[in-house]
Every structure is written in structure tokens, then in C-alpha cells.
Amino acid sequence: MRTSYFPKNGVWLKGNTHGHSTVSDGRFTPEELVRGYRERGYSFLALTDHNVLAAHDDLSDEKFILLTGLEHDIEYSAGKCTHVTGLSAAEKTATNYLCRRYSSREKSDQQLIHMMCGDGQFVSLAHPVWSRMSWEEILSLEGYQGFEVYNNGTEHLCHGGNAEVLWDMLLRAGKKVFAMAVDDQHVAEDLYGGWIWLKAAERSKQAILDALWAGSFYASNGPDIVDFALDAETGEVYVTCSPCREIHFVTYEPRGKSIFAKEGETITEASFHLRGTESYIRVVCVDQEGHSAWSNPIFFDERAEK
Ligand SMILES: [Zn+2]
Ligand SMILES: [Zn+2]
């Protein structure tokens, strides 16, 4: 029997979980951003202004929800830093720690993450390629939940937005972190290029955060993943998606499998037979423009424990 990765009941919601307004260094006001994202079919948005927590609950209604969010940064040198976003459902404008910019002399990036987690935030490591983080640093960090596989703003700045390989290396090392795709908008060029679709129990701030914590979402800068499912008895994994030219099953270990559409055609489904030794399987769907949708992994050691 096929069991979907996503919960059976609930509502699909599209959102951007990282971006900046005039509260920090963004060009657009919160009101302008809410108007733009609403018009393009998004259901939620987090304004993660630099080192300032803002709930923006006054801009939320039953159709469009603002998450409480912020982005902290620690700068090590002019070209090297660590940026981390935090999201919460709390209707508050204060953290349980002193919310400000910290220097690298005051806090390590791990201490920063612990501080944000201690505040109950859903914490994501932002644009690690643009930040010029070393692999040792990335591997050593613990406690966060999301990892930006695609950041539209830093991709436009300097091809610093795609971190899929780093994410896969973390998964191979046994880290269980979810894939985020975000705009990180500061200027117009950054808008509407990276998002997540999540399946929430209902259209509410708390339900969106619950879906994030459960990994009940996928990241995209183009295609839609319609379903991602496993038949545990037969070991078959299935994906259905919007019309794509490539579907990749990525596993460890050994390796997975890639399926390509015939010249001039598209594919909307594929399956993969597990060998039984994989610690996880995830899928990437690539459309004809070269844009990707990244599922979160199904982790098999976790399934065995249940
Ligand atoms: Zn940043
Ligand atoms: Zn940012």
C-alpha cells in the first residue's frame, strides 16, 4: 500500500520563509511585499529582517498569514559570515534573549543557533555558499532544522544560492535537516524565485509552524511535486509532479537513479525500487527551464524505530 510522505488531510500552502523589508535593508515595505506575494498566490510569508524580530500580525488575515521571523548574522571577516533565520508562531515582538546583532567575539555560530532554538524558533541555515562557510563548520553545527538548498537573492548576486550538494553531504553524514528554497528578497530581482509548498492541518500560523517542524513540505524554484509516496512492503518509491524533463531519486547508499523524458516530451511520474540499504531517499524534479523541486528525504532508520 502506498503511503504518501505528506499528511492525508490538510491544505497545501505556498510561502516564502526568508526575506527583508524596509524594517532592515529591504527596498519594499511590509505592506508592499504582502500585496505582491498575495497577488501571486502565496498563502504565507515571513519577513526575517536582520537582527529584529517582527510578528507583523496586523498584516495577517484568514487568507494570508505572516510568520514571526528574523535573521541573525555573525560576521567573521568582510567575505565570510554565518546567517541563520528563525521562524515562530508566537504573537510577540521579543525574544527570550537580548535580540541584537552579535559579533564573532561575543558568540559562536553554534551558540547563536542554541540561543534561537532555546527561544522556540524553527531555525534554518541561510545561503551557506554565499556565506563562504567551510564544510567543517557546516558539518559541526547542530540543533537547526532547515537548510537553504536554494536562495534566490544570493543566486542573483553572485551564483551563491544553490547548496544542494552541501545538503546532500549533510544527509550522508546522518544529519536530518529539511530543504528550504527562499527568496531572501532585498530588491525586485530577488522576488518570487524560491518557495516552499507545505501541507498544513489548517490555514493558521501555528499549523504552518507545525508542518515545518514535521517536514511536511517541499522546496521549489519551479516545478510542483504532486505526491511523494512509499510502498513499504514492495520497497517502491513513487513521485508525481508537474511536467518535467528529469526526475532524480537521490539515495545513500548506494546511489539512486535518474529518469529523463524523451526529446521534446515531458514526464510527470516515476518510481524507484529500494535496495534496502538506503539511509534516506529524496527526489528532485527538474522542469524544461532547468528549475527544480526538492522533496525532503524519507529517512529509513527513523521509520525502523517507529
Ligand atoms: Zn543572509
Ligand atoms: Zn536574508
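My aim in this report is to walk through the structure given alongside it, one point at a time. It should be emphasised that the depicted structure is a prediction, and the values quoted were computed from it without experimental measurement. (Residues numbered from 1 in each chain as written. Chains lettered and ligands numbered in written order. Predicted model: local features only at pLDDT ≥ 70, side-chain atom pairs only at ≥ 80, totals over all residues. Heavy atoms only, no water.)

## Section: the sheet that holds strand β1 (residues 2-4)
In a beta sheet, neighbouring strands pair by backbone hydrogen bonds and run either parallel or antiparallel. Let me state the cut-off plainly: Following DSSP output, two strands are said to pair if at least two bridges run between them. Only DSSP runs of H or I reaching four residues or more are called helices, and only runs of E reaching two or more are called strands; each is numbered from the N terminus. The axes are straight lines fitted to the C-alpha atoms, using for helices just the contacting stretch, and the angles between their N-to-C directions are given from 0 to 180°.
Ordered in space as β1-β11-β12-β15, the four strands form an open sheet in which the pairing is antiparallel. Two strands lie at the open edges of the sheet, namely β1 and β15 (267-273), each paired on one side alone. Put simply, the sheet's adjacent strands are angled 25° from each other on average, direction ignored. Bridge count between strand β11 (residues 225-231) and strand β12 (residues 236-244): six bridges; the pairing is antiparallel. Opposite F228, over in β12, you have V239 as the bridge partner.

## Some thoughts on the nonpolar core
Note the cut-off: Among buried residues, the Ala, Val, Leu, Ile, Met, Phe, Trp, Tyr and Cys ones that are joined through side-chain atoms within 4.5 Å form a nonpolar core. Each residue's exposure class comes from its accessible area (1.4 Å probe, protein chains only) as a fraction of the maximum for that residue type: buried when under 20%, exposed when over 50%, partly exposed otherwise. Two residues qualify as a contact provided that any one of their heavy atoms is within 4.5 Å of a heavy atom in the partner residue.
By size, the foremost hydrophobic cluster in this structure holds 54 residues, and its most contacted members are L67, Y144, F147, L198 and L212. Contact partners of L67, with chain neighbours within four places excluded, come to F44, L45, A46, L47, A54, A55, L87, S88, K205, I208, L209 and L212. In this structure, I225, L230, I247 and A293 belong to the second largest nonpolar core, which totals 22 residues.

## Concerning the packing of aromatic side chains
Rules: Only rings of Phe, Tyr and Trp enter the pairing, Trp through its six-membered ring, and a pair is recorded when the two centres are within 6.5 Å. The plane angle decides the type: under 30 degrees is stacked, over 60 is edge-to-face, the rest tilted. Criterion for a charge above a ring: Lys NZ or Arg CZ within 6 Å of the ring centre, and within 35 degrees of the ring normal.
Tallying each qualifying case throughout the model produces 12 aromatic pairs. Centre to centre, the rings of F178 and F217 are 5.7 Å apart; their planes meet at 75°, and the pair counts as edge-to-face. One end of the pair, F178, is in strand β8 (residues 178-182); the other, F217, is in strand β10 (residues 217-220), with 39 residues separating them in the sequence. No difference in accessibility class separates F178 from F217, as the two residues are buried. Seen from their ring centres, F249 and F272 are 5.5 Å apart, and the 20° between their planes marks the pair as stacked. With F249 in strand β13 (residues 246-252) and F272 in strand β15, the pair connects residues that are 23 residues apart, well separated along the chain. Of the two residues examined, F249 and F272, each falls in the buried class. One residue, R2, lies across the ring of Y238, its end atom 3.4 Å from the ring centre. Directly above the aromatic system of W195 lies the positively charged group of K14, at a separation of 4.1 Å from the ring centroid.

## Focus on the pairing of strand β5 (residues 80-88)
Successive side chains on a regular strand alternate, one facing one side of the sheet and the next facing the other. Most of β5 is tucked away, with eight of its nine residues classed as buried. Inspection of the sheet shows strand β4 (residues 65-77) paired to β5 by nine bridges, in the antiparallel sense. Its bridge partner lying in β5, T68 is registered against S88. Between the antiparallel neighbours β4 and β5 lie two residues.

## A closer look at the coordination of the zinc ion (ligand 2)
The condition is simple: Only nitrogen, oxygen and sulfur atoms within 2.8 Å of the metal, or 3.2 Å for Na, K and Ca, are treated as donors, and water is left out, so sites may look incomplete. Think of it this way: with four donors and all angles in the 85 to 135 degree range, the site is tetrahedral; with four or six donors, opposite ones beyond 155 degrees and the rest between 65 and 115, it is square planar or octahedral; otherwise it is irregular.
For the zinc ion (ligand 2), every protein donor is listed as H18 (NE2), H20 (NE2), E71 (OE) and D184 (OD), and the spread of their distances is 2.0 to 2.2 Å. Between the four donor atoms coordinating the zinc ion (ligand 2), the angles at the centre fall across 85 to 174°, so the site counts as irregular. Read N to C, the donor residues that coordinate the zinc ion (ligand 2) are spaced as H-x1-H-x50-E-x112-D. A separation of 3.3 Å is found between the zinc ion (ligand 2) and the zinc ion (ligand 1), which are bridged by E71. Here H20, found in the loop between β2 (11-16) and α1 (30-39), pairs with E71, found in strand β4; they are 51 residues apart in sequence, far enough to count as distant. Assessed through its relative accessible area of 0%, H20 is described here as buried.

## Some thoughts on the coordination of the zinc ion (ligand 1)
Those donors, E71 (OE), H83 (ND1) and H127 (NE2), are the protein atoms that reach the zinc ion (ligand 1), and they lie 2.1 to 2.2 Å from it. The sequence motif formed by the donor residues of the zinc ion (ligand 1) is E-x11-H-x43-H.

## So, the pattern of salt bridges
What counts, and what does not: Here, a salt bridge means any side-chain nitrogen of Lys or Arg that lies within 4 Å of a carboxyl oxygen of Asp or Glu.
Summed over the entire model, instances satisfying the criterion amount to 11 salt bridges. Between D168 and R172 there is a salt bridge whose closest N-O contact spans 3.1 Å. Here R172 and D168 lie together in helix α5 (residues 164-172), a separation of four residues that amounts to about one turn. Under the relative-accessibility criterion, D168 is labelled buried at 5%. A relative accessible area of 40% means that R172 is categorised as partly exposed.

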